[in-house]
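Chain by chain, the residues run as shown.
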Amino acid sequence: MYIKQTIEQLAPYVPGIQPQMDGPVIKINANENPYPPSPRVKEILSGFDYGQLRYYPDATSQRLRTLIGTHFNLSSGHVFCGNGSDEIIAYLFQICLEEGDSIATPYPTYTLYKTIADIHRVQTEYVPTRDDFSIDIEALINTGAKGIFIANPNAQTGLLLPLAEIERLLQSYEGLVVIDEAYIDFAPATTSAYKLVARYPNLVVLRTFSKSYSLCGIRVGFCLAAPILVDALDKCRDSYNVSHLSQLMAAAALEDQLYLQKTIKQVVSTRERVSETLIHLGFEVLPSQANFLLCKPQQHAASDVYDFLKSKHIYVRYFDAPRLSDKLRISVGTDEEMDALLEQLRNFIGN
């Protein structure tokens, strides 16, 4: 066989079910934004000269880097753009981690970290979160790993690690620290670690246009990091890793901060309302700062609730994994979608 044994044995990353959307389906299983992107994105598409597609895109996404840097009060030299933040994660393994090294990450978390580590023959040290699912910084440091990856808010729980804890980690640890802020826009504005980038050269802050900006379909992510790390990332990236249209749409969305804040406010309001209702229905609900809720039904198996909702064409996320198999992760949809979800949950509980 031509395939490496390590790849044959690899457990791939498994996304949520992608149902056919040609009928009445409520898809709240992938933490997608329920609202469309900024109208400025639509303007880009409607006015686009398709003849431009015969040219290669800007190889470095320089205009987008400049806009992002300005938005975060950093130079464009602190910004790297990728084909989704997942691509950047893979590049970080290439530039910072050797075969046989190890990373530490809390459990539970975004499972792609381990998948990419396995591809690069890097060990993953899972550090269990505490009983309340909070992250133990000291335990992460004590693994002796060469890199630490933290999703903040955490990818499965929605819990937020305070900024002071992240800085305490950076003050005590010299290895690579990756703070994956895919969901940070749904948390209070003062909680992002981007303010620490200029002070800590081992820090990488990951962001994406997929969640708060409603642009999952264009696959654009970026990171904020020291210029020496950005230069190393540029050495590894594909020659033209972000398409021309994707660069234009991401820039248009970034420039429309009023629309962004409007949709974030809607998502957060719905999140809080649904959380309260789920508690009233007898669910345990973690206090999420993301655009989803991790909840545990008290009277029924989570898998049974999942199957019932699926039979009603409502798709939430179920993880058959330790500490998660008794829970459901529900993405925040529109108010109408969440009302339909809650109605079906009432029906199920009443059976």
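Our structure's up above, just so we're on the same page.
Every chain is numbered independently, its residues counted from 1 as its sequence is written. Only residues with pLDDT of 70 or above have their local features reported here, since the model is predicted, and side-chain atom pairs are shown and tallied only from 80 upward, although totals for entire chains, interfaces and linings are computed over all residues. Values shown for side chains rest on all heavy atoms present in the structure; no hydrogens or waters enter the calculation.

**Student:** Just to check I follow, could you spell out unusual backbone geometry for this structure?
**Tutor:** Glycine aside, the phi torsion of most residues is negative, and most peptide linkages are trans. With an omega of 0°, the peptide bond between Tyr 107 and Pro 108 qualifies as cis. Secondary structure counts use DSSP, requiring at least four H or I residues in a row for a helix and at least two E residues in a row for a strand, with both numbered from the N terminus. Here Pro 108 shows up in the loop between β3 (102-107) and α5 (112-119). Phi is positive for Ser 214, which is not a glycine, with a value near 60°. The exposure class assigned to Ser 214 is buried, which follows from its relative accessible area of 14%. Non-glycine residue Arg 323 carries a positive phi angle of around 70°. Tracing the sequence through the fold places Arg 323 in the loop between β11 (314-315) and β12 (328-331). By relative accessible area, which is 29% here, Arg 323 ends up partly exposed. Accessible area is worked out with a 1.4 Å probe on protein chains only. A residue is then buried under 20% of its type maximum, exposed over 50%, and partly exposed in between.

**Student:** Whenever I open this one, the nonpolar core confuses me. Can you help?
**Tutor:** The nonpolar side chains of a soluble globular protein tend to be buried with one another. Ile 68, Ile 150, Leu 203, Phe 209 and Leu 224 are the most contacted members of the largest nonpolar core, which totals 56 residues. For this core, the element with the most residues is helix α9 (residues 244-255), which contributes six residues. Residue contacts are defined here by distance: any two heavy atoms, one from each residue, within 4.5 Å place the two residues in contact. For Leu 224, the residues in contact, after removing those within four places along its chain, are Ile 68, Phe 72, Leu 74, His 78, Val 79, Tyr 194, Val 197, Leu 203, Val 204 and Val 205. Among the buried residues, those of types Ala, Val, Leu, Ile, Met, Phe, Trp, Tyr and Cys that are joined through side-chain atoms within 4.5 Å form a nonpolar core.

**Student:** Hey, could you run me through the pattern of salt bridges in this one?
**Tutor:** It is possible for side chains of opposite charge to pair when their charged atoms get near one another. Note on definitions: salt bridges are taken to be side-chain nitrogens of Lys or Arg within 4 Å of carboxyl oxygens of Asp or Glu. Evaluated as defined, the whole model comprises 20 salt bridges. Of the charged contacts, one joins Glu 32 and Lys 27 as a salt bridge, the two residues approaching to 2.8 Å between their closest N and O atoms. Taking relative accessible area as the criterion, Lys 27 reaches 14% and is therefore assigned buried. Residues Arg 168 and Glu 138 are paired through a salt bridge, measuring 2.5 Å at the closest nitrogen-oxygen approach. Within this pair, whereas Arg 168 is found in helix α7 (residues 163-172), its partner Glu 138 is found in helix α6 (residues 137-142), the two being separated by 30 residues in sequence.

**Student:** Looking at this structure, how should I read the side chain of Ser 246?
**Tutor:** One can find Ser 246 in helix α9. Using a relative accessible area of 8% as the deciding quantity, one classes Ser 246 as buried. Leaving out residues up to four positions away in the same chain, Ser 246 has contacts with Ile 218 and Val 220.

**Student:** Can you walk me through the pairing of strand β5 (residues 147-151) in this structure?
**Tutor:** Two faces, one strand: in a regular strand the side chains alternate between the faces of the sheet. For β5, a buried count of five out of five residues is recorded, marking the element as mostly surrounded by other parts of the structure. Covered by surrounding structure in β5 are Gly 147, Phe 149 and Ala 151 together with Ile 148 and Ile 150, the residues of both alternating faces. When DSSP locates at least two bridges between a pair of strands, those strands are taken to pair. Across five bridges, β5 lies against strand β6 (residues 176-180) in parallel orientation. Across the sheet, the residue bridging to Ala 151 is Asp 180, located in β6. Classification remark: right-handed applies to a crossover when, strands pointing away from the viewer, the course from the first strand over the helix to the second runs clockwise. Taken together, β5, α7 and β6 constitute a β-α-β crossover, and its handedness is right-handed.

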